[in-house]
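Topology and contacts: notes
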Amino acid sequence: MKDCTDMNTLAEAIDFHLAYTVGKTADAASVTDWRLALSRAVRDRLILPWFEATRRTYAQNNKRVYYLSIEYLLGRILEDATRNLGLEDEAREALAARGIDFAEVVHDEPDAALGNGGLGRLAACFLDSLSCLGIPAYGYGIRYAHGLFRQSFDQGRQVEMAEEWLRHQHNWEFERAECVYDIGFGGDVREQGGRAVWTPGEVVDAQAYDTPVPGWRARWVNTLRLWSAKPKRAFDLEPFNRGEYMQAAAPEVFAESISRVLYPDDSTETGRTLRLKQEYFFTSASLQDLLRRFLAHNPDPRALPAQVAIQMNDTHPAIAGPELVRLLTDGHGIAFDEAFDIARATLNYTNHTLLPEALESWETRLMAAVLPRHMQIIERIDARLRKDAGARKATSRIVENGKVNMGTLAFTCANRVNGVSALHTDLMKRTVFADLHGIYPDRILNETNGVTPRRWLHGCNPGLRRLLDETIGEAWVCDLERLAAIAPLADDAAFRARFMQVKAANKRRLADWVRAELGVAISPEAMFDIQIKRIHEYKRQLMNALETAALANAIRRDPEAGWTPRVKIFGGKAAPAYHDAKNIIRLINDIAATVNADPVIGDRLKVLYPPNYNVSMAEILIPAADLSEQISTAGKEASGTGNMKFALNGAVTIGTLDGANVEIRDHVGDDNIYIFGMTADEVEAARAGYAAQDHIDRSPVLKEVIDQIREGVYSPDEPTRHWPVLEKLLRDDYFMVAADFDAYWAAQRRVDQGFADRDGWARKAVLNTAHSGWFSSDRTIRGYARDIWQVRSLLGDRA
Ligand code: NBG
């Protein structure tokens, strides 16, 4: 086939697509039109490598990986793809010659908000690494029309609006109108000739949309296949002809609601039903699709485990166990025990949280109503678990107290189960999965998370990229451990100066952005202290907010005490139904408004909370950070990945010994990280008889802030506004904010001193980057490929 790159330069391709794809002349074209034209021109260059990767996978009948994830937090695609292909300069020049600014064009793209937090961003980093390493893989998920909500603030309160990322053409994907599977819900199950026959009461179509995922320089290209729900019939003609248009549209509305939003509110029965349907919808479509692909070349379903490795990203796709058993038994006539063994040898499960409220469970009643055949199979799998437990008095049951425990189900159906940091994996074995670990002692293993250096250094930090390229060559992009070569240069004053010049430029870039977006002036001389992540009590944004208020008090008391100027930046969304988290957002915004308006405090402390934190915002914030806040209650943050991005970009961490912070400390060394607070074991030991008030009474610094909030210092127009936050803290400080506060305060004062020593801080910053190589998602994916999937790269020694 003729290569599009033979036909024209990138500039010609842009002109071509502006005319023939977008249908505009240069005079009439908007920034968006130029973006669409450039996207097509860039996307064209992925097509032949994409075909080639598929051809090689088939030719070698290679084992494939299927990653099932309810979230993919991709962020913007165009800039990443352009850089990946090495086309950035060419694109910039081509657009400049047409009077168009490249940066404006790439920033016009809305973030693909198909995810929520770390789990979804991890899935996106994994896709990048799988392609970079040349491992044949598909990502499977849902093509949400609206994804996660867009956040704004109204007088400090979080307001949620529907995300409209698909309003403009999303021209990275290929619609596959012919690739459609039936997804059934409800109905009944009858027995016929010894086989179960499920007749669903309702059936929708799952239709595929494919997005090519290029590895570095497009040496390999995998596919992200997202499913969109469509009605079997677009509308009912009969009511339509009667003029009942709403009723006529009902089938479409019902079907499409399945792929409308990520994490619909599940506090109601209808919300829970929708969520379970979503999970089954994308899991079933993915399994039907991969089975079809497998059976086209392998007549015997028993060979599945040799050819297919499926990863369940958390419990959302845990229905894959029963679904695969169903397809093998009801569909292919394989006996249950054998079908279960095949499924188990094919499936793997990653656990991403030990918080009990985050481990999914569904009422058996609901499961039986939505998926009656699966409920039967789940009961049989549960019986199998009891058999495997033998004489052990296992307490774990899949079906228990009227609920189906999806974590237990996923574990039972998996060949390998992994945690996402060393500490988290250890806690999995000791706590939530202790008895399952006793029954299946070889099943749990650890794969510490990682982040892709392409987006999280090469892409978001061009200054540091150039410095590294000049100093150690370009190979670090796909071999991040090479960063270790800069460690000796931490002692080289000239190198440190260049490193900190890059940081200073990134801080100026952020300061400009803050002025444009928030209308606030901040000094790039100040320490940029950043906490960006979902708002959750265990992540303890509240502790940071209380420390901010305490620092403001200390500055007010003695403004000339030589304070290290700080800009504290918060970012993150709270789940719409999570009221306690939303209260914390409002408190942070009130503290920010009060502190920022105080002339005595001035530039010594500024507090910012830019709304609608997302991947693109992270790409501006992280390269500009001096201090990375990773302050969760020990034992509660499974891993964290933001912590890795910060360290990679030369920010120093203040954090607890939680999740991957432990491993970051091991790599960067005690002198280059600020660790404080209780360990995971100490947290659990402190639970008996714990009272936040005892700690507050012992801490004058904390007590003063609590009293001020109670008196309405931060909400003078409504003094009682923040009482619910205090009330919760005093009644149920489950995450031990009060207990860790003084240690946190003390650590922050050590940070102040550390930052004041410019050379010392620069050393720490350089060493954080130098020792972050291990946190590449390439290392993580190599681990999965070796320990879990047993797949190999098709790029040979280039991988
Ligand atoms: C999150 C954890 C993070 C972890 C990511 C990715 C969920 C359920 N879990 O600590 O809270 O880094 O998963 O593993 O989103």
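Overview of the structure. Predicted model only: the values in this text are computed from it and were never measured.

Considerations on the overall build of the chain
- Each helix and strand in the chain was counted, giving 33 helices and 24 strands.
- The globule rule puts the C-alpha radius of gyration for 799 residues at 28 Å, and the 27 Å found for the chain is close to it.
- Dimensions of the chain, computed from the C-alpha atoms along their principal axes, are close to 85 × 70 × 60 Å.
- Looking at the chain as a whole, 61% of its 799 residues qualify as buried.
- Contacts in the chain between residues at least 24 apart in sequence constitute 77% of all its contacts with a sequence separation of at least 6.

Examining the packing of aromatic side chains
- What the rule picks out here adds up to 26 aromatic pairs.
- Arranged with centres 5.2 Å apart and planes meeting at 80°, the rings of Phe755 and Trp761 form a pair that is edge-to-face.
- An aromatic cluster of at least three residues, connected via ring pairs, comprises Tyr66, Tyr138, Tyr140, Tyr181 and Trp227.
- When the ring centre of Phe336 is taken as reference, the NZ or CZ atom of Arg380 above it lies at 4.3 Å.

Focus on the environment of Asp341
- Of note, Asp341 is situated in helix α13 (residues 336-346).
- For the pair formed by Asp341 and Arg302, sequence separation is 39 residues and the distance between their alpha carbons is 9.5 Å.

Regarding the sheet that holds strand β22 (residues 627-630)
- In spatial order, the strands read β21-β20-β19-β22-β23-β24; together these 6 strands make up an open sheet with parallel pairing. Here the strands that pair on one side only, and so sit at the sheet edges, are β21 (605-608) and β24 (674-675).
- Relative to strand β23 (residues 652-655), β22 runs parallel, the two being bridged by 4 bridges. Residue pairing across strands places Ser628 opposite Thr653, the latter belonging to β23.
- Those strands touched by helix α32 (residues 758-770) are β22, β23 and β24, and its axis lies near 90° from that of β23.

Considering the pairing of strand β17 (residues 416-419)
- Of the pairings in the sheet, the one linking strand β13 (residues 347-350) to β17 comprises 3 bridges and is parallel in character. For Tyr349, the partnering residue across the bridge sits in β17 and is Val417.
- Two strands pair when backbone bridges link them, and β17 and strand β18 (residues 444-446) are joined in this way by 3 bridges, in the parallel orientation. Within β18, the position partnered with Gly419 by the bridge is Asn446.

Let's talk about the nonpolar core
- Membership of the largest hydrophobic core comes to 140 residues, with the highest contact counts inside it found for Leu38, Trp227, Phe281, Met367 and Trp789.
- The element best represented in this core is helix α10 (residues 269-295), accounting for 10 residues.
- In this structure, Trp216, Ile522, Val567 and Leu648 belong to the second largest nonpolar core, which totals 55 residues.

About the thresholds
Residues numbered from 1 in each chain as written. Predicted model: local features only at pLDDT ≥ 70, side-chain atom pairs only at ≥ 80, totals over all residues. Heavy atoms only, no water. Helix = DSSP H or I, 4+ residues; strand = E, 2+ residues; numbered from the N terminus. Rg over C-alpha atoms; globule rule 2.2 N^0.38 Å. Buried < 20%, exposed > 50% of the residue type's maximum accessible area, 1.4 Å probe, protein only. Contact = heavy atoms within 4.5 Å. Phe/Tyr/Trp six-rings, centres within 6.5 Å; stacked < 30°, edge-to-face > 60°. Lys NZ or Arg CZ within 6 Å of the ring centre and 35° of its normal. Pairing = 2+ DSSP bridges. Axes fitted to C-alpha atoms, helices over the stretch in contact; angles between N-to-C directions. Core = buried A, V, L, I, M, F, W, Y, C linked by side-chain atoms within 4.5 Å.

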